[in-house]
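Okay, here's what each chain looks like letter by letter:
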Amino acid sequence: MRAIDVQTIEKVTGAQIISSKAIDFKGIGTDTRADLSGQLFISLKGEAFDAHSFLDKAAAQGATGLLVHEENEQTRKLAGQVTILKVPDTLKALQQLGTWARRQSHGKIVAITGSNGKTTTKEFTAALIASAKTVHVNKGSFNNHWGVPFTLLQLDPAKEVAVVEMGMNHAGELTELVHIAEPDVVVCTMVGRAHVEFFGTIEKIAEAKEEIYNAASEKTVRIYNLDNEQTHNMYVRGKEKFPHSKIMTFSSEDPKADVHLMISSMNMNEIFIKGMIGGVEGQARVQVFGAQNLTNLMAAAALGLSVGMTPNQVWAGLPECKTNWGRNQLVHLKSGAQMIFDAYNANPDSMKALIDNVKLLSVPGKKVGVFGQMREMGSASANLHQELGERVGAAGFDKVYFIGDDAEAFTQGLKKVGYGKPAMIQKDFTDDAGKDLALTLANGDIAVVKASRGTKLERFVFPCDPLDFSEKS
């Protein structure tokens, strides 16, 4: 975390000094469960918590400074023991400090959003660019109004590139994040039906995603996916809106795109791609599963070009791309079966992509599907889970599991397409379900596991005795 002093905090945020003790801080923290030695603790207030209630714990964890937007009994008690700075809004102050840190950086800031694939694209991009340049990237999905400024505050100014993920679930959020990060390059991987609960239609989702382009400065490089209908429309509009900006494209269909890649073959362990990158023909073997990763790889390749990598460097860097925990992660089981664990996120489009991939696989044993609730589907949730049941029921699975509130709707979907093979459908997870899957799988079988993160489908994995499954994978 970036070291910072009181004078800078005053200048950047307009903070008022309530108590003066330490004048320099090793970094910034917000979690009283962590070691805060020598740090400035920012007292954020959320819907379910208010860190102003834990100022004494922050001091006990070693914090030598507190940034608050209200005084209370604890600030009065700690006055004289630690530095206390008061601002109108601690979240806004955090964001201002993030922008300050960004402006101290000499590298390029790359910003990524998308309904599907933004975190995977972030990881691919960081791995690819790291093969030729120094890169900063945050672990996990630090992609919201506090995660983005934290990413920037952790940035080493000497790094040549920082890869920043940007998420959203309401209009205006991406505009705010772009203004905080002031990116040099922006891309929307694709637009799908994620967050339909908040927006109602895919057109409204696209409108919110397009903010990443509309809020960026004229000098920002804009990269567009020509294969997705909504992002293609953004490209058409972008050429008119930003005639003086550099615009780049990627596509599996249009050979004129800056990055044009196709899958020549794929299996459980890898995909083989070929095509053109920046006018240079090539091919690469990438150890990831699923045709949907082609979009993520093309986006990463375009981002590599945008920050100054040569086409040959991009081709050489593509094999460095790997998927992380919970994202099309291949897990080997002691039984000899294999599992594709993709339960970090889910929506109707990503479900369809996974099922379509599984239909293409030829395996010696059974195909088993383990599915769970898709979150943030709003009033469309029941219909979308029935649609999922229909899709799963027609995909050729030998056995199916489902866990979630829309279990009945999923069951109706299975019945609608005449699925007559074994199925275990539950509204709430039970240990019996995990044990049943473990007894079902044998050498040569394949199981796919997919749901939104909150469903915690890793509870199906552990009873199956995985050989290589951890959040460090």
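Residues numbered from 1 in each chain as written. Predicted model: local features only at pLDDT ≥ 70, side-chain atom pairs only at ≥ 80, totals over all residues. Heavy atoms only, no water.

(A) Representation of the overall build of the chain. The secondary structure content of the chain amounts to 18 helices and 22 strands. C-alpha extents for the chain along the principal axes are approximately 70 × 55 × 40 Å. Residues counted as buried form 55% of the 473 residues belonging to the chain. Within the chain, residue pairs in contact and separated by at least 24 positions form 67% of the contacts whose partners lie at least 6 positions apart. When the accessible surface of the chain is split by element, carbon and sulfur atoms take 47% of a total near 19700 Å². (Helix = DSSP H or I, 4+ residues; strand = E, 2+ residues; numbered from the N terminus. Buried < 20%, exposed > 50% of the residue type's maximum accessible area, 1.4 Å probe, protein only. Contact = heavy atoms within 4.5 Å. Areas by Shrake-Rupley, 256 points an atom, 1.4 Å probe, with all protein chains shown as cover.)

(B) Representation of the nonpolar core in the model. Ranked by internal contacts, the top residues of the largest apolar core, which has 68 residues, are Met166, Ile212, Ile223, Val259, Ile273, Ile277 and Leu318. At nine residues, helix H12 (residues 293-306) tops the list of elements feeding residues into this core. Contacts of Ile273, omitting those with residues within four sequence positions, involve Leu261, Met262, Ile263, Ser264, Gly282, Gln283, Ala284, Val286, Leu294, Leu297 and Leu318. Of all hydrophobic cores here, the second largest spans 26 residues; its members include Ala346, Leu354, Met374 and Phe402. (Core = buried A, V, L, I, M, F, W, Y, C linked by side-chain atoms within 4.5 Å.)

(C) Structural detail: the layout of surface pockets. Here the second largest pocket is characterised by a volume of approximately 720 Å³. As for the second largest pocket, its lining consists of 23 residues, of which Thr30, Leu44, Gly46, Phe49 and Trp146 are closest to the centre. (1 Å grid on protein atoms, 1.4 Å probe; cavity = no way out; pocket = protein on both sides within 12 Å on 5 of 7 lines; lining within 4 Å. Points joined across faces, edges and corners; volume = space filled by probe spheres on them.)

(D) Focus on the side chain of Asn72. Assignment of secondary structure puts Asn72 in the loop between strand S6 (65-68) and helix H3 (73-78). The class of Asn72 is buried, set by a relative accessible area of 17%. Once you skip the residues sitting within four places of it in the chain, Asn72 turns out to touch His52 and Leu55.

(E) A look at the UniProt feature "binding site: ATP" (unreviewed entry) in the chain. According to UniProt, the feature "binding site: ATP" (unreviewed entry) maps to Gly114, Ser115, Asn116, Gly117, Lys118, Thr119 and Thr120 in the numbering used here. Structurally, Gly114 can be placed in the loop between strand S8 (108-113) and helix H5 (118-130). Apart from residues no more than four positions distant in its own chain, Gly114 is found in contact with Cys188, Thr189, Met190 and Lys209. Note that Ser115 resides in the loop between S8 and H5. Overall, the relative accessible area of 3% leaves Ser115 in the buried class. (UniProt positions renumbered as here; feature names shortened; annotations may be inferred.)

(F) Representation of the packing of aromatic side chains in the model. Under the criterion given, the structure shown has seven aromatic pairs. Here a set of aromatic residues connected by ring pairs shows up, and it is made of Tyr213, Tyr224 and Tyr235. Positioned above the aromatic ring of Trp100, the side-chain terminus of Arg2 is 5.7 Å from the ring centre. In this structure, Arg222 is placed above the aromatic ring of Phe242, and the distance from its NZ or CZ to the ring centre is 3.7 Å. (Phe/Tyr/Trp six-rings, centres within 6.5 Å; stacked < 30°, edge-to-face > 60°. Lys NZ or Arg CZ within 6 Å of the ring centre and 35° of its normal.)

(G) Structural context of the packing of H5 against H12. Between H5 and H12, the least distance of the axes is 8 Å, while the angle of their chain directions is 45°. Comparing the axis directions of H5 and H12 gives the class oblique. Considering the relative orientation of H5 and H12, their crossing is right-handed. In this structure, H5 uses Thr120, Thr121, Phe124, Thr125, Leu128 and Ile129 to contact H12, whose residues at the interface are Asn293, Asn296, Leu297, Ala299, Ala300, Ala301, Leu303 and Gly304. For the contact of H5 with H12, the per-class residue count stands at eight nonpolar, six polar and no charged. (Axes fitted to C-alpha atoms, helices over the stretch in contact; angles between N-to-C directions. Parallel < 35°, antiparallel > 145°, perpendicular 65-115°, else oblique. Left-handed = near helix turned anticlockwise from the far one by under 90°. Nonpolar A, V, L, I, M, F, W, Y, C, P; charged D, E, K, R; others polar.)

(H) Structural view of the pattern of salt bridges. The full count for this structure, using the stated rule, is 18 salt bridges. A salt bridge links Asp31 to Arg33; the nearest nitrogen and oxygen atoms lie 3.0 Å apart. Asp31 gets classed as partly exposed once you look at its relative accessible area, which sits at 28%. With relative accessibility at 74%, the residue Arg33 sits in the exposed group. The residue Lys416 makes a salt bridge to Glu390 at a minimum N-O spacing of 3.6 Å. Placement of the pair is Lys416 in helix H16 (residues 407-416) and Glu390 in helix H15 (residues 381-393), with a sequence separation of 26 residues. For Lys416, a relative accessible area of 58% gives the class exposed. Overlapping salt bridges, with partners in common, bring together Lys122, Glu123 and Glu165 in one network. (Salt bridge = Lys/Arg side-chain N within 4 Å of Asp/Glu carboxyl O.)

(I) Molecular detail of the packing of helix H14 (residues 348-360) against H15. Direction vectors running N to C along H14 and H15 enclose 5°, while the axes themselves pass 11 Å from each other. When the axes of H14 and H15 are compared, the pair comes out roughly parallel. Contact residues: H14 offers Pro348, Met351, Lys352 and Ile355, while H15 offers Leu384, Glu387, Leu388, Arg391 and Val392. Each residue belonging to the contact of H14 with H15 can be placed in one class, and the counts come to six nonpolar, no polar and three charged.

(J) Quick look at the environment of Asp398. Tracing the sequence through the fold places Asp398 in the loop between H15 and strand S20 (399-403). Judged by relative accessible area, Asp398 falls into the partly exposed class, the value being 27%. Sequence separation between Asp398 and Lys366 is 32 residues, and the spatial gap between their C-alpha atoms is 6.0 Å.

(K) Expanded view of the sheet that holds S8. One open sheet accounts for nine strands, arranged S9-S10-S8-S11-S12-S13-S14-S15-S16; its pairing is mixed. The sheet is open, and its two borders are formed by strand S9 (135-137) and strand S16 (280-286), each paired with just one other strand. Pairs of neighbouring strands in the sheet enclose a mean axial angle of 20°, with direction left out of account. Relative to strand S11 (residues 185-188), S8 is paired through four bridges, and the arrangement is parallel. (Pairing = 2+ DSSP bridges.)

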